[in-house]
Each structure stands twice: as C-alpha cells, then as structure tokens.
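# Survey of secondary and tertiary structure
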Amino acid sequence: MPPKTIEREKECRLTPREIYHFLDQYVIGQDRVKRAISIAAYNHFKRVSYNREMERKGFQLPLLKKSNIMMVGPTGCGKTHIARNLAQVLEVPFAVADATEYTEAGYYGKDVEVMIGELLYSAEMDVSVAERGIVFVDEIDKIARRGSAMKDGSGGRDIRGEGVQQALLKLLEGSKVFVPYNITQHWNKHDFVQMDTTNILFICAGTFTDIYRGGKTRPVGFKRGDAGKVVKPMEDRVTTEDLLKYGMLAEFMGRMPVIVELEELTDQEMVRIVTDPPDSILKEYKQLLALDKIELDFSESALKEIVSEAKLRKLGARGLRTIFEEVMQDLMFEAPEMSGKQVMIDAGDVRRRVGRD
Ligand SMILES: Nc1ncnc2c1ncn2[C@@H]1O[C@H](COP(=O)(O)OP(=O)(O)OP(=O)(O)O)[C@@H](O)[C@H]1O
Ligand SMILES: [Mg+2]
C-alpha cells in the first residue's frame, strides 16, 4: 500500500491550559512538568501550522524552530506516564520509543529510523501528518557515553550508546530520512518512504541516577520538605553541563533546549495516585469487587501504610500497584463467597499481607 500524501489539515485546537487540565486528572503532582509539556505541545502545533502556511506562500527561512524537551527525574515518578497521557490528549501522531532498543546502523537492533516508522504507523501511513508528530524517547540516559571518568564500577567505555546518540542527532536536527513503512515485518528496499523530520518534536526522558558534581553523586529530582514545598535550590538543578558530564553528546544536548526536572513524589501525592485518577487502582478494585457485590474500602492509615512500603522498596509510584495487589490477594480469592459484605482494609491488614507483621 503506497503511503497517503493528501494533506489533512487537522490542527490541534487545545490550549496549553486544556492540555494541562487533561494531564492533571491522570498525573498527580509534577506541576512544572505538566505545564512545560502542555506549552511545548501547544507551541509545536502553532509552529507547524505557521511553517506550513509560510511554505505555501512561498517564503523560505527563517521558520520557527522547534524546542525538544528533556525530562529528568527519579524512577517511578511519572515520566513515561506523562508521555502516555499526552498521547491520549493530543490529536497528532505520537510514538513512544525505548532508546535501549536502538543501535547504530548496521548492528543488531533497530535503526533509529524505525522510530519515525512507528510515528508513520500511528499516523495511519499518512506521511504529511506523521511529519508533524511527536516522538517520545524513553530511557535516554541508557545511551549516554560511559567514559572512564565515570565511577560506575565497570570502568568500560560504552561506545554503543554514543553511536545511537549520533544516529539520533540526524533525526533531531531535521533531515530527510528513509523510513520503513512496514515496521511490523521484515522489509526490503522497496518498502521505504522518504520523510522530513524537521517538524517532528522530540521529548526525551531519563533517570540519570548518578550525576556527578563536585566529585560526588547528587540525586536528581527535587527534594521536598514536610510542607511539600520544593526546597532544592536553583544551583542544585540539573543543567546541560551535568548531562554532558554524564555522557550525553554536546551536539545532542544542543538540540534539547528545554530540560525539566521531575519531583520526587510526596507521601500525600502517592496516596492520591492510589485514589484519585479516574483509572486509579483503588477505583479499579472497587469496581471489580462490586461485581461480586462486595463493597471495598481502604482506611486512610492503610493507604499510608501502602505508601511507606512502596518507599521502602524504592520503586517510586511503580511499587504501589504491586503492593496493592499483594494486599488484595486473599480477598480476591475469597471474593465470590463474600457476596453482600462490606470490607474495610486497615493498616494492620496491609502490614500483615506484605509480611511486615
Ligand atoms: N505523578 C504520577 N501520577 C500518577 N501516577 C503515577 C505518577 N508517577 C508514577 N505513576 C504511576 O507509576 C507507574 C510508573 O511510573 P512511570 O512509568 O511513569 O515511571 P518513570 O518515571 O518513567 O520511571 P523510570 O525512570 O523507571 O522509567 C505509572 O504507570 C503510573 O501508574
Ligand atoms: Mg519510564
């Protein structure tokens, strides 16, 4: 099937506030990031439609330049979660790529062009629509060049990551690339289509867990005091320089003008993650048990207990679901026999079920 080339002018009419509002329902906390992403997405649409209009009128450069984003933050704090939700709200094609799956051309693994191929796929093979999409590249820190200066124990230099960064540069800066348009199968040389990446927005994310500064590691993410206020001073924020030292290429960072740092989630926010979003895990289980005519609830202290267990496991919000499921296991087993009952889980139940009592 040849790719479609008919121009479909479907501009996004969402304002930054509307994008933010959508994200806000599903992503707890991380206010600065939600704002930055909403603005970037909105500007992206504006830029693309302006550039296209100028081109139609026959004007050449200067066109508005895109501003790719780099998200940095601890594990399980919502980086991938934000990207997924952004994909829900946006009306442009959106592809999520995992940087670790890619290799330099010629090596075993995917070529970076496959990312654009996935974008094309999500644009239903419409080249012109795909050319203004957004690509989210996750785990970007895993393709950092690990020099001998890094005290990572291995001491080795990983040139593989550097090669992938080089390959990505070409996409970031905007060039014409040959994209396989059948990403689901093996392709041959006739299955390529040329695409221009100039207007594709890239959002990258990584944990960068061991950034060194002044001879010691420093944690990424804002530390917050008890009142939930950000206490991390300005000079402690992650800078381009930190990321260069970490092993990102200067040319790469040069194309990532916006760096946003995610916050470490507070206990309160972790509780809200369990209870608040429309698709929260608590709501999910309540619904599930309601089908067996059981009314499920968790006490405030039970929720706090789940959060403190998640903190112990150091998995961020990712641990919440695992723990929740551990806690629910017995009940799920007995559920069909408990029809018509009310069940209240308290802190003691949580401690017992995760094996802490
Ligand atoms: N701020 C948040 N609001 C709501 N849910 C969240 C938030 N952060 C994390 N979660 C939940 O935790 C899970 C794991 O988070 P996510 O995958 O976004 O982590 P991450 O920041 O990408 O971590 P990693 O660096 O390990 O990939 C999500 O699927 C989501 O359910
Ligand atoms: Mg992630």
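Residues numbered from 1 in each chain as written. Chains lettered and ligands numbered in written order. Predicted model: local features only at pLDDT ≥ 70, side-chain atom pairs only at ≥ 80, totals over all residues.

### Some thoughts on the environment of Glu300
Its location among the elements puts Glu300 in helix α11 (residues 300–313). Overall, Glu300 belongs to the exposed group, with 11 C-beta atoms counted inside 10 Å. Note: C-alpha distance between Glu300 and Ile345 (45 residues apart in sequence) is 9.5 Å. (Helix = DSSP H or I, 4+ residues; strand = E, 2+ residues; numbered from the N terminus. Buried ≥ 20, exposed ≤ 12 C-beta atoms within 10 Å, placed from the backbone.)

### Comments concerning helix α3 (residues 79–89)
Turning to α3, its buried residues are Lys79, Ile82, Asn85 and Leu86. Considered in projection along α3, the buried side chains sweep an arc of 130° and stay on one side of the axis. (Arc of directions from axis to C-beta.)

### Some points on the sheet that holds strand β2 (residues 94–98)
The five strands are arranged β2-β3-β6-β1-β9 in an open sheet whose pairing can be described as parallel. Strand pairing shows two members of the sheet lacking a second neighbour, β2 and β9 (258–261), which therefore form its edges. Looking at each pair of strands side by side, their axes are set apart by 20° on average, direction ignored. As paired strands, strand β1 (residues 69–72) and β9 are joined by four bridges and run parallel to one another. Bridge pairing in β9 links Met71 to Val260. Contacting β1, β3 (134–138), β6 (201–206) and β9, helix α2 (residues 31–56) crosses the sheet at an angle of about 150° to β9. Those strands touched by helix α4 (residues 113–122) are β2 and β3, and its axis lies near 150° from that of β2. (Pairing = 2+ DSSP bridges. Axes fitted to C-alpha atoms, helices over the stretch in contact; angles between N-to-C directions. Contact = placed C-beta atoms within 7 Å.)

### What about the site of ligand 1?
Taken together, the neighbourhood of ligand 1 is formed by 16 residues, with Gly78, Lys79, Thr80, His81 and Ala317 sitting nearest. The element best represented in the shell around ligand 1 is α3, accounting for three residues. For the shell around ligand 1, the per-class residue count stands at five nonpolar, nine polar and two charged. Looking at which domains feed residues into the shell around ligand 1, each of domain 1 (16–261) and domain 2 (267–352) supplies at least three. (Near = placed C-beta within 6 Å. Nonpolar A, V, L, I, M, F, W, Y, C, P; charged D, E, K, R; others polar. Domains from an automatic or database assignment.)

### Concerning the nonpolar core
Ranked by internal contacts, the top residues of the largest apolar core, which has 83 residues, are Met71, Leu119, Leu120, Val135, Ile203, Ile306 and Leu320. Split by domain, this core shows at least three residues from each of two domains, domain 1 (16–261) and domain 2 (267–352). (Core = buried A, V, L, I, M, F, W, Y, C linked by C-beta atoms within 7 Å.)

### Points about α11
With 14 residues, α11 should cover 20 Å at 1.5 Å per step; its first-to-last C-alpha distance of 20 Å lies within 8% of that length. Within α11, burial applies to Ala302, Leu303, Glu305, Ile306, Val307, Glu309 and Ala310. The inward-facing, buried residues of α11 contact α9 (267–275), β10 (295–298), α12 (318–334), β11 (342–345) and α13 (347–353). Following α11 by one or two positions, Lys314 adopts a phi angle in the positive range, close to 55°. (Expected span 1.5 Å × (residues − 1).)

### Let's talk about the confidence of the model for the chain
With 81% of its residues at a pLDDT of at least 70, the chain reaches an overall mean of 83. Low pLDDT, under 50, characterises residues 1–9; the predicted model gives this stretch 13 contacts beyond four residues in sequence or across chains. Long-range and interchain partners of residues 148–157, a stretch whose pLDDT sits below 50, account for seven contacts in this model, where long-range means more than four residues apart. (pLDDT = per-residue confidence, 0-100.)

### Looking at the packing of α11 against α12
Where α11 meets α12, the axes come as close as 9 Å, and the angle between the chain directions of the two elements is 125°. With respect to each other, α11 and α12 are oriented oblique. When you trace α11 past α12, the crossing you get is right-handed. Here Ile306, Glu309, Ala310 and Arg313 of α11 lie close against α12, whose contacting residues are Gly319, Leu320, Ile323, Phe324 and Val327. By residue class, the composition of the contact of α11 with α12 is six nonpolar, one polar and two charged. (Parallel < 35°, antiparallel > 145°, perpendicular 65-115°, else oblique. Left-handed = near helix turned anticlockwise from the far one by under 90°.)

### A word on the environment of Thr15
Among the structural elements, Thr15 can be located in the segment before α1 (16–26). With 26 residues separating them in the primary sequence, Thr15 and Ala41 have C-alpha atoms 9.2 Å apart.

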